[in-house]
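Fold and geometry: a report
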Amino acid sequence: MGDMKDKMKGFMKKVSFSSSGPPPNHVNNLSSQNLPSKQNTKSLAQKPSDSDKRIENKCVNHEEVSSHIDNCLASEASNLGVESKDEEVKSGVEECVSVYVSGKPSDGSVEVVVKLLKNIGKEPTNAKFRKIRMGNPKIKEAIGDVVGGVELLEFVGFELKEEGGEIWGVMDVPSEEQLVKLKNVVSLLEPKKVEELASASQVKAASEPVEPKKIDRQIKVFFSVPESVAAKIVLPDSFFNLSHEELRREAEMKRKKLEESKLLIPKSFREKQAKAARKKYTKSIIRIQFPDGVLLQGVFLPSEPTSALYEFVSSALKEPSLEFDLLHPVLVKRRVIPHFPATGERAITLEEEDLIPSALLKFKPIETDSVVFTGLCNELLEISEPLETGSASSS
């Protein structure tokens, strides 16, 4: 921008002097015969010539043009800054609304959110519109139980606070910037816009390739043990980013879990809290127990898809073509861990399946007349070892 300003000033300088012509050469134009008298000389000294006036006017004009150029360039820079900020706000709004729409809220739920935000936009100083009870059935359905609902509230300025044994969404008097966000969110939640965002979200999810990561599985195989023993997995310090003080606080939080469960906390808020807790873990130890009691153990990243578990187990079987299911560790009602996602669907991660920071899965073979379960491959059986109390990963 500095270079542009210098060039403009140089250009205007050239224009000024070219239009005025070269300054008159008084010495050459005056001859000895035409020298003015003393009285005329005094008059000339007191009254500037027309040429001098033109030069003076051009200099003044040059300064005015230079000042005008500076003001224009400063205004241009200011406008660019405002436009850049507006683009950031618009991008953030679209991303936040897209996440909410991907949670597939009902039309009625979207209407509740729109009405809530419109009321704040119309009467931003009205406190009753800026405090909502998250346990309210309509609010719970429209926001609490929808993925991205709580995040959408926080994005426009709400904060979740506990009061009187319940969770409330509270918002201060919105600033101009927050009012702009509210307006943009409302415009994107119009029926037509919602359909467009939902369609774009599905296309993006289908088109984003998942890049495979090379993970050191730190494979271990243990001799046959009862399930109750296999389920006792002790994690090494390298598996989480927690200090001793944080570990103490986490243990305290677990003791309060029963009390907290009595509160009317929205489902999405509870999930958000659990997700934040799981983020502390960098890896997960997964054990798969086979029908003969043998254990196969590997290390996984929380962000890996559940299909990585099936690939891991298939490569360990003596009969890799055998189809099988991996059952979730929940004892009350075991369910199958998702296999490979269908075309156009997003892969489910270990974190989303609540397999962090460790889990014991059960192997269920789907045998046929020609393919049956014959155990792990010989290479792995050769490294089998007894399972000692607290055995986990070497690092």
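Everything numeric in this text was worked out from a predicted model, so none of it was measured.

What about the side chain of Ser384?
For Ser384, the position within the fold is in the segment after helix H15 (378-381). Polar contacts involving the side chain of Ser384 include one to the main-chain carbonyl oxygen of Leu381, which spans 2.9 Å. When neighbours within four sequence positions are excluded, Ser384 is seen to be in contact with Val221 and Phe223.

Structural notes on the sheet that holds strand S1 (residues 131-133)
In spatial order, the strands read S1-S3-S2; together these 3 strands make up an open sheet with antiparallel pairing. The outermost strands of the open sheet, each flanked by one partner alone, are S1 and strand S2 (159-163). For this sheet, the mean inter-axis angle between neighbouring strands, taken without regard to orientation, is 35°. Where S2 lies against strand S3 (residues 166-170), 5 bridges are found, and the strand directions are antiparallel. Its bridge partner lying in S3, Leu160 is registered against Gly169.

Here we look at helix H5 (residues 107-122)
Taking 1.5 Å per residue as the helical rise, H5 with its 16 residues ought to reach 22 Å, and the 22 Å between its terminal C-alpha atoms agrees with that figure. Turning to H5, its buried residues are Ser109, Val110, Val113, Val114, Leu116, Leu117 and Ile120. Angularly, the buried residues of H5 cover 160° about the axis, an arc narrow enough to put them on a single face. Facing away from the buried side of H5, by more than 90 degrees, are the exposed residues Asp107, Glu111, Lys115 and Lys122.

Some points on unusual backbone geometry
Cis peptide bonds are those with omega within 30 degrees of zero, and the linkage from Ile356 to Pro357 qualifies with 5°. Residue Gln218 is not a glycine yet carries a positive backbone phi of 50°.

Some details on the packing of aromatic side chains
According to the stated counting rule, one finds 6 aromatic pairs in the structure shown. With a centroid separation of 4.8 Å and 45° between ring planes, the pair formed by Phe290 and Phe363 is classed as tilted. Placement of Phe290 in the loop between strand S5 (284-289) and strand S6 (295-300) and of Phe363 in strand S8 (residues 358-366) is noted, with a sequence separation of 73 residues between them. One exposure class covers both Phe290 and Phe363, and it is buried. Ring pairs connect the aromatic residues Phe290, Tyr310, Phe324, Phe363 and Phe373, which therefore count as one cluster. One residue, Lys131, lies across the ring of Trp168, its end atom 4.8 Å from the ring centre.

Some words on the packing of H5 against helix H6 (residues 137-144)
One can describe the packing of H5 onto H6 by two numbers: an axis separation of 8 Å at closest approach and a directional angle of 100°. Taken together, H5 and H6 sit at an angle that is classed as roughly perpendicular. Residues Ser109, Val112, Val113 and Leu116 of H5 lie in contact with H6, whose contacting residues are Ile139, Glu141, Ala142 and Ile143. Along the lines of polarity and charge, the residues of the contact of H5 with H6 split into 6 nonpolar, 1 polar and 1 charged.

Points about the sheet that holds strand S4 (residues 220-222)
The mixed open sheet is built from 5 strands, whose spatial order is S4-S6-S5-S8-S7. The open sheet has two free edges, formed respectively by S4 and strand S7 (323-327), since each of these has just one partner strand. The mean angle between the axes of side-by-side strands here comes to 30°, regardless of whether they run parallel or antiparallel. When S7 meets S8, the two strands line up antiparallel, connected through 5 bridges. What sits directly across from Leu327, in S8, is Lys362.

Quick word on helix H8 (residues 176-188)
Here H8 spans 19 Å end to end across 13 residues, near enough to the 18 Å set by a 1.5 Å rise per residue. Those residues of H8 that fall on the buried side of the exposure criterion are Lys181, Leu182, Val185, Val186 and Leu188. Taken down its axis, H8 places every buried residue within 165° of arc, on the same side. Opposite the buried face of H8, by more than 90 degrees, sit the exposed residues Glu176 and Lys183.

Details of the side chain of Gln297
Within the secondary structure, Gln297 sits in strand S6. A polar contact of 2.7 Å, which involves the side chain of Gln297, links it to the side chain of Arg287.

Overview of the environment of Phe363
Exposure remark for Phe363: the relative accessible area of 6% places this residue in the buried category. For the pair Phe363 and Ile288, spaced 75 residues apart in sequence, the C-alpha to C-alpha distance is 6.3 Å. Sequence-distant contacts of Phe363, defined by excluding residues within four places in its chain, comprise Ile288, Gln289, Phe290, Pro291, Val313, Leu317, Leu322, Phe324, Asp325, Leu326 and Phe373.

As for the confidence of the model for the protein chain
Per-residue confidence for the protein chain gives a mean pLDDT of 74; residues scoring 70 or more make up 57%. Counting contacts from residues 24-35, a segment whose pLDDT is below 50, to residues more than four positions away or on other chains yields 1 contact. Across residues 80-84, where pLDDT falls below 50, the model places 0 contacts with residues more than four positions away in sequence or in other chains.

Cut-offs applied
- Residues numbered from 1 in each chain as written.
- Predicted model: local features only at pLDDT ≥ 70, side-chain atom pairs only at ≥ 80, totals over all residues.
- Heavy atoms only, no water.
- Helix = DSSP H or I, 4+ residues; strand = E, 2+ residues; numbered from the N terminus.
- Polar contact = N/O pair within 3.5 Å; in protein donor to acceptor, adjacent residues only side chain to side chain.
- Contact = heavy atoms within 4.5 Å.
- Pairing = 2+ DSSP bridges.
- Axes fitted to C-alpha atoms, helices over the stretch in contact; angles between N-to-C directions.
- Expected span 1.5 Å × (residues − 1).
- Buried < 20%, exposed > 50% of the residue type's maximum accessible area, 1.4 Å probe, protein only.
- Arc of directions from axis to C-beta.
- Phe/Tyr/Trp six-rings, centres within 6.5 Å; stacked < 30°, edge-to-face > 60°.
- Lys NZ or Arg CZ within 6 Å of the ring centre and 35° of its normal.
- Parallel < 35°, antiparallel > 145°, perpendicular 65-115°, else oblique.
- Nonpolar A, V, L, I, M, F, W, Y, C, P; charged D, E, K, R; others polar.
- pLDDT = per-residue confidence, 0-100.

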